[in-house]
Amino acid sequence: MTDPAATSALPNSLPRPPGELEQLKKLWDPPPGLRFLTIINNNYIGVFYVGAAFLFFVLAGILALLMRTQLAVPENDFVSPNLYNQLFTMHGTMMMFLFAVPAVEAMGVLLLPNMLGARDLPFPRLSAYAFWAYFVGGLIFFCSLFFDLAPRGGWFMNPPLTSATYSPGLNEDFWLLGIGFIEISAIAGAIEIVVGVLRTRAPGMTLDRIPIFAWAMLVFAVMIIFAFPAVILATTLLELERAFGWPFFAAEKGGDPLLWQHLFWFFGHPEVYIIFLPAAGMVSMIVPTMARTPLVGYRLVVFALVGTGFLSFGLWVHHMFATGIPQLSLSFFSAASMAVAIPSAIQIFVWIATFATGKVQVKTPTLFVLGFLATFVLGGLTGVMVAVVPFDWQAHDTYFIVAHLHYVLFGGMVFPLFAAFYYWMPYCSRHALSERIGCWVFGLIFTGFNVAFFPMHITGLAGMPRRVYTYQAGLGWDTLNLVSTFGAFMIAAGVALFLFDLARKFRMASAENAGNVWNAGTLEWLPNGNYSSRSIPIVTSRDPLWEQPNLADDVEAGRYYLPGSATGRRETIITSPLDARPQWLLQMPMPAWSPILAAVFTAAFFMLLTVKWVAVAMVCGVIAIGSIIVWLWETDPGYSHAPVDIGGGIRLPVYATGPSSQSWWAMVILILVTGSVFACLVFSYLYLWTVSPDVWPQADALPSPIFALIAAVLTAASSGAVAYASRSLKHNAAWPVRIALGAAIVLIVGAVAVDGYGQWQTGLRPSESAYGAAVYMTISLQGFLAAVVCTMALYTIARSAAGLLDSERRSTFDNTMLYWHYAVVQGLLGLALVHGVVRLIV
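Note that this is a predicted model, so its numbers are computed, not measured.

Peer 1: Lay out the overall build of the protein in plain terms, naming residues and giving numbers.
Peer 2: Tallying secondary structure elements over the protein gives 25 helices and 6 strands in all. Relative to the 2.2 N^0.38 estimate, which gives 28 Å for 842 residues, the radius of gyration of the protein is 27 Å and therefore close to what a compact globule would have. On the principal axes, the C-alpha backbone points of the protein span a range of 80 × 75 × 50 Å. The burial tally for the protein puts 61% of its 842 residues in the buried class. Sequence separation of at least 24 residues holds for 81% of the intrachain contacts in the protein that already meet a minimum separation of 6. With an accessible surface of roughly 30100 Å², the protein has 69% of that area assigned to carbon and sulfur atoms. Positive and negative side-chain charges of the protein, numbering 40 and 43 respectively, have mean locations separated by a distance of 8 Å.

Dropping the structure here:
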């Protein structure tokens, strides 16, 4: 196919037929009445998502004000020690899990489709599901404060403090199970973003022309895929220890509390950059517009984003310098902690150079960007300080770390986010925010932030420890704490003023927004509605609105691709991942109740498990799965329409299978997530073995090898049955497909049962030792994976029985087969780990 960007001719130069635009508007209009809740358009879900994240920011900020009031004077009794522990735990948890990651993910959902020239992200129902699960679950989690059930062990939940022995009750369970919906929501959003950025770009938008924000969100999503599985596994292990006594972290039974820190910080330190990189991407979009010149060093910034993402996974021990780890590890991670400053510095110099080469507009977004540069650089410098091991030993767990943390996170994420609010408000609202009030907002927040947190450096160096609810007078901390409290209330005043201006000015722009008030150069500033832009343009540069002066008029007149609905449904163009050539036309789903029902019952499942209403939780889980199946049933239309003309003589098919399909890409990402969970479990198994080799059995205590052999044969045979089903499907032989998939279900379930029985008959129990817990956790993970693939196989059989599966319409089968083969590989590796490796060594 000819490269669309290689021609300057408009694909649709003739006048468009009457009624075409009206039909497009009608297809993308939100449902009326109560059905408005079922909306899935990114421009609505994105706004809801950002609004919910900001709500949790405000609520977490109120908790911070209560803490600062308690610490304003020595020996204060404004709150009790128990409530203070709940406040600081909830503040940190909400800021990190309910605000920071969801907020930047929400900005991606809101901006990326228009920025990439797509109608919407490829899985709009998944975006809706992710939002509602996060919002409903987050509200329930916050309300635990009002029932004295909020967690008290810090946002990092380090055992043994958070074990059932030292933290009985449900408080810590609310953290461990309550953030399950956040993990699901974040991973769902990551899948949406990766596939959206790689497969739904406008024709001609090669990788070298992607907006920097899209690059940042792509790196962000990939980091979530590999970082979040570590905390998923960690929370699962700790909840199993609390609920059933599986001693992963109990030293007296061969466990190790440091295993939690390794898993948690393998997620926790990359999370700092998961939060920072999208914020940096926003800054890289705002700076060129405010400087009225293209970004200096585009490729340097891309390399810096990728480099930061890569290096961030080698820093987790940075948080463990005071735990007594070996000197070699200290040296390595200290050097890595300093090295990660290099790609961040590259971006900072690029932004400064861009400002220096342009003519800067000093507007509210500019002020927040400058505030970000000042605070983040200071936070980075203190970061290099705590990367020096001897200094870290002195500053660890003091208020110096509190100051550093907030300069990096508040400075590196909240200031850019406010800049983004002011910058993109005209994109999603009929009115821009007030510049005059914006200056006051910036002044209050910037001044208040530095008044609140800069003194904490001194307080920490003066010896004040973190997480204390009060302190004695006369230690030199009194005045500093009072100043910090005053600064916190200044920040609150700035946020309140912002909310006042937001209430005055924000009006949802479903049909017409405030327009390109900044004269920006990227596609999200094209005239747009619920359907994104009227037609999908050809992109020939990084700043198309600057380089193609008539682009906005031509797009609005429908002179580019897909000016209407080619099939009578919602659609977007799927393009090739590297050079963005049109490949096929994705027919997108309409609004439905199933995603919101799935989300609500997912949140209910986790929350009811927390309060030990297991039976009701299981019912909710079944309803959630059923709702997901209902929503998926409609998303595989098959070849329901002949190839269509999208303009310029290009005819595209309306269906694809295999690697061309967007769902195949999503399944590959899900495999990476699952594989990361398994890799973390393998690490945990080997780590516990290294720490406590005495609880690992001798060869004569292991189960007979025959059990492992039978389980391996059954597991591999299930993969063969699925392969046979694939060959049968090519010949449209429906019954052989169903029989083969049924046989595969029996085989893989039998494999897990045989392995579990082999361990059980030796007398091994999961609660007796860390070895038993690790073995049964490996079997349990494979059992869970078997349950997932069996559900997928049953769904595929149902599709076949309904006549919705054949040699051409086979995306459902291909996805099931792909994930099944992965499950088999993981099962064989698990058997090799538990049965083979231990025999070789002992």
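Having seen it, we continue.
Peer 1: Account for helix α3 (residues 81-116), naming residues and giving values.
Peer 2: The first and last C-alpha atoms of α3 sit 50 Å apart over 36 residues, in line with the 52 Å expected at 1.5 Å per residue. If you look at α3, its biggest bend is around 35°, right at Met 94. Summarising burial for α3: 32 of the 36 residues are buried, a large majority. Residue Gly 117 follows α3 closely and has a positive phi angle near 80°.

Peer 1: Pulling in residues and values, what's your account of the nonpolar core?
Peer 2: Ranked by size, the top nonpolar core spans 266 residues in total, and within it Phe 99, Met 107, Phe 418, Trp 424, Tyr 685 and Trp 820 carry the most contacts. Core analysis: the second largest hydrophobic core is formed by 10 residues, Tyr 531, Ile 574, Trp 584 and Leu 586 among them.

Peer 1: I'd love a proper account of the packing of aromatic side chains, names of residues and values included.
Peer 2: One pass over the full model with this rule turns up 74 aromatic pairs. Relative to Phe 313, the ring of Phe 266 lies with its centre 5.5 Å away and its plane at 50°, an arrangement referred to as tilted. Remark: Phe 313 occurs in the loop between α9 (298-311) and α10 (327-339) and Phe 266 occurs in helix α8 (residues 257-291); sequence separation between them is 47 residues. Centroid distance Phe 368 to Tyr 422: 5.9 Å. Interplanar angle 20°. Geometry classified as stacked. Taken as a pair, Phe 368 in helix α12 (residues 364-387) and Tyr 422 in helix α14 (residues 399-428) lie far apart in primary sequence, 54 residues in all. Across this residue pair, the class does not change: Phe 368 and Tyr 422 are buried. Sitting over the face of the ring of Trp 760, Arg 765 holds its NZ or CZ atom 3.6 Å from the ring centroid.

Peer 1: Before we move on, could you go through empty space enclosed by the protein and cite the residues and values that matter?
Peer 2: Which parts of space are left empty comes out when a probe the size of a water molecule is rolled across the atoms. Evaluation of the coordinates by the stated rule reveals 4 cavities of 30 Å³ or more. One number sums up the size of the largest cavity: a volume of about 140 Å³. What lines the largest cavity is a set of 16 residues, among which Val 752, Asp 755, Gln 782, Gly 827 and Leu 831 lie closest to the centre. Counting only elements with at least two residues in the lining of the largest cavity, the list comes to α22 (705-730), α23 (734-760), α24 (770-801) and α25 (811-841). With 5 residues, the single largest contributor to the lining of the largest cavity is α25. By residue class, the composition of the lining of the largest cavity is 9 nonpolar, 6 polar and 1 charged. Quantified by volume, the second largest cavity comes out at close to 100 Å³. Along the walls of the second largest cavity sit 13 residues, with Asn 43, Tyr 427, Ala 509, Asn 528 and Gly 529 positioned nearest its centre. Elements with a minimum of two residues in the lining of the second largest cavity: α2 (42-71), α3, α14 and β1 (528-529). When grouped by side-chain class, the residues that make up the lining of the second largest cavity number 5 nonpolar, 7 polar and 1 charged.

Peer 1: Break down the environment of Cys 680 for me, with residues and values.
Peer 2: Here Cys 680 shows up in helix α21 (residues 662-691). For Cys 680, a relative accessible area of 10% gives the class buried. Cys 680 sits 449 residues away from Val 231 along the chain, and the two C-alpha atoms are 9.4 Å apart. Ignoring sequence-local partners within four residues, the contact set of Cys 680 consists of Ala 230, Leu 233 and Leu 263.

Quick notes on the rules
- Residues numbered from 1 in each chain as written.
- Predicted model: local features only at pLDDT ≥ 70, side-chain atom pairs only at ≥ 80, totals over all residues.
- Heavy atoms only, no water.
- Helix = DSSP H or I, 4+ residues; strand = E, 2+ residues; numbered from the N terminus.
- Rg over C-alpha atoms; globule rule 2.2 N^0.38 Å.
- Buried < 20%, exposed > 50% of the residue type's maximum accessible area, 1.4 Å probe, protein only.
- Contact = heavy atoms within 4.5 Å.
- Areas by Shrake-Rupley, 256 points an atom, 1.4 Å probe, with all protein chains shown as cover.
- Lys, Arg positive; Asp, Glu negative; His and termini not counted.
- Charge placed at Lys NZ, Arg CZ, Asp CG, Glu CD.
- Expected span 1.5 Å × (residues − 1).
- Bend = angle between axes of the 7 residues up to and from the residue.
- Core = buried A, V, L, I, M, F, W, Y, C linked by side-chain atoms within 4.5 Å.
- Phe/Tyr/Trp six-rings, centres within 6.5 Å; stacked < 30°, edge-to-face > 60°.
- Lys NZ or Arg CZ within 6 Å of the ring centre and 35° of its normal.
- 1 Å grid on protein atoms, 1.4 Å probe; cavity = no way out; pocket = protein on both sides within 12 Å on 5 of 7 lines; lining within 4 Å.
- Points joined across faces, edges and corners; volume = space filled by probe spheres on them.
- Nonpolar A, V, L, I, M, F, W, Y, C, P; charged D, E, K, R; others polar.

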